[in-house]
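What follows is the residue order along each chain.
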Amino acid sequence: MEDMGDAVTFSILGSSSAGNCALLATAGCRVLIDAGLTARRLEEMLNGLGTRLAQIDAIFLTHEHGDHISGLSGLARHPHIKVFANRETARATQGRLRFRPDWQFFETGTTFKFRDLEVTSFSLPHDAADPVGYLFTAGEGTEASPKRRLAWCTDLGHVTELVRERIRGADVLVLESNYDADLLDKAERPFALKQRIRSRHGHLSNAAAHELLRTTEGASWRRVFLAHLSRECNDVALVRATYAGLAAVGRRFCVEVVDPRDGAMAALRLAEV
Ligand SMILES: [Zn+2]
Ligand SMILES: [Zn+2]
């Protein structure tokens, strides 16, 4: 395993309706974004990246849906891990846990520090208690460790102006591209579920994600990860093909589609993006 030293690194461990989780490591902390993988699976993936659950300092929850919190119940044996969430998300999550994690509450929309990480949360339109996206700022501002911003934005039914403003300044953007409208239409799923996914408080379609990337002016993005793809109502090759034309309209960032069937991606050094 390559030693990442003090470099700020980021890795998506899983991103689909079957489980969402990412690792962000800085010189001063190692944190997870969501915990939608079982503790056992999480430990395996972290081991593959040269770390382990015992070394995780905190988890930042976006909202209480199972694909984002299902791994929490297995973390009772790691009481040192702080769990950051707004009060509504914490309340909704606690109701499904048999132990009480070390909750750290924040107000949606505020910016705060955790060790050497600066964290901003922002509201997302999604059918949960008080769902948020995050903007993380890490790095020391030196040549070896430049300041980098990572925006995490999944589980939203549509793009609000607030969302566009918060993610615009990120160097790395993780954005939901959940479903293809035709594949969702044809899928053998209950009508009510389809309506839920399509609603203004459901999930972001490929077309809506593409529109956001195409039309946002003055964005700092260097790498964009399209994430939380539906396994049944989306297609990795189809999404990839959709983005082939973006360079032609002056969008220079690199777009990567996170395959919902893949395991952890190799750690990305944010200084090098
Ligand atoms: Zn959700
Ligand atoms: Zn989700």
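Residues numbered from 1 in each chain as written. Chains lettered and ligands numbered in written order. Predicted model: local features only at pLDDT ≥ 70, side-chain atom pairs only at ≥ 80, totals over all residues. Heavy atoms only, no water.

Draft legend 1. The arrangement of the sheet that holds strand S8 (residues 117–123) in detail. Spatially, seven strands are ordered S7-S8-S9-S10-S11-S12-S13 in an open sheet, and the strand pairing comes out mixed. The sheet terminates laterally at strand S7 (111–114) and strand S13 (254–257), the two strands that pair on one side only. Direction aside, the axes of adjacent strands within the sheet are offset by 20° on average. Taken strand by strand, helix H7 (residues 206–215) contacts strand S11 (172–176) and strand S12 (223–227), and its axis lies near 150° from that of S11. (Pairing = 2+ DSSP bridges. Helix = DSSP H or I, 4+ residues; strand = E, 2+ residues; numbered from the N terminus. Axes fitted to C-alpha atoms, helices over the stretch in contact; angles between N-to-C directions. Contact = heavy atoms within 4.5 Å.)

Draft legend 2. The arrangement of the coordination of the zinc ion (ligand 1) in detail. Looking at the metal site, the zinc ion (ligand 1) is ligated by His63 (NE2), His65 (ND1), His126 (NE2) and Asp155 (OD), spaced 2.2 to 2.5 Å from it. Because the angles between the four donor atoms bound to the zinc ion (ligand 1) fall within 92 to 171°, the donor set is best described as irregular. Look at where the donors of the zinc ion (ligand 1) fall in the sequence and you get H-x1-H-x60-H-x28-D. The distance between the zinc ion (ligand 1) and the zinc ion (ligand 2) is 3.5 Å, with aspartate 155 acting as a donor to both metals. Of this pair, histidine 63 sits in the loop between strand S4 (58–60) and helix H2 (66–69) while histidine 126 sits in the loop between S8 and strand S9 (132–138), and the two are 63 residues apart along the sequence. Per residue, the accessibility class of histidine 63 equals that of histidine 126, and both read buried. (Donors = N, O, S within 2.8 Å, 3.2 Å for Na, K, Ca; no water. Tetrahedral: all angles 85-135°; square planar, octahedral: opposite > 155°, others 65-115°. Buried < 20%, exposed > 50% of the residue type's maximum accessible area, 1.4 Å probe, protein only.)

Draft legend 3. Examining the coordination of the zinc ion (ligand 2) more closely. At the metal site, the zinc ion (ligand 2) is ligated by Asp67 (OD), His68 (NE2), Asp155 (OD) and His228 (NE2), and these contacts range over 2.1 to 2.2 Å. Between the donor residues of the zinc ion (ligand 2), the gaps in sequence give the motif D-H-x86-D-x72-H.

Draft legend 4. Highlighting the sheet that holds strand S6 (residues 102–105). Within the open sheet, the seven strands sit side by side as S6-S5-S4-S3-S2-S1-S14. Their pairing is mixed. Each end of this open sheet is capped by a strand with a single partner; those strands are S6 and strand S14 (268–269). Running at roughly 145° to strand S1 (residues 9–14), helix H1 (residues 39–48) makes contact with S1, strand S2 (21–25) and strand S3 (30–33) of the sheet. Where helix H3 (residues 87–94) meets the sheet, it contacts strand S5 (82–85) and S6, and its direction lies at approximately 155° from that of S6.

Draft legend 5. Main features of H3. Those residues of H3 lying buried are Thr89, Ala90, Thr93 and Gln94. Buried residues in H3, looked at end-on, bunch into an arc of 125°, giving them a common side. Summarising the geometry of H3, the exposed residues directed more than 90 degrees from the buried face are Arg87 and Arg91. On its buried side, H3 packs onto H2, S5 and S6. (Arc of directions from axis to C-beta.)

Draft legend 6. How the structure looks around the pairing of S2. Where burial is concerned, most of S2 is hidden: five out of the five residues are buried. Neither face of S2 is left uncovered, since the one carrying Cys21, Leu23 and Ala25 and the one carrying Ala22 and Leu24 both have all their residues buried. In this structure, S1 lies alongside S2, joined through five bridges in antiparallel fashion. When the bridges of S2 are listed, threonine 9 appears paired with alanine 25. Joining the antiparallel neighbours S1 and S2 is a turn of six residues, in which glycine 19 adopts a positive phi near 155°. Where S2 lies against S3, four bridges are found, and the strand directions are antiparallel. Counterpart to alanine 25 in the pairing with S3 is arginine 30. Adjacent in sequence and paired antiparallel, S2 and S3 are bridged by four residues.

Draft legend 7. Focus on the side chain of threonine 89. Mapping threonine 89 onto the fold places it in helix H3. Ignoring any residue separated from it by four or fewer positions in sequence, one finds threonine 89 in contact with Leu61, Thr62, His63, Glu64, Ala129 and Asp130.

Draft legend 8. Quick peek at unusual backbone geometry. Positive phi values are uncommon outside glycine, yet arginine 115 reaches one of about 50°. In this fold, arginine 115 is placed in the loop between S7 and S8. The class for arginine 115 is partly exposed, based on a relative accessible area of 48%.

Draft legend 9. The nonpolar core, seen in detail. Phe10, Ile12, Leu24, Phe60, Tyr134, Phe136 and Phe225 are the most contacted members of the largest nonpolar core, which has 31 residues in total. When residues in this core are grouped by element, the largest group, four residues, is from S9. In this structure phenylalanine 60 touches Val31, Leu32, Ile33, Asp34, Phe84, Phe112, Phe114, Val119, Tyr134 and Phe136, once residues within four positions along its chain are discounted. (Core = buried A, V, L, I, M, F, W, Y, C linked by side-chain atoms within 4.5 Å.)

Geometric descriptors of this kind do not, in isolation, establish any biological role.
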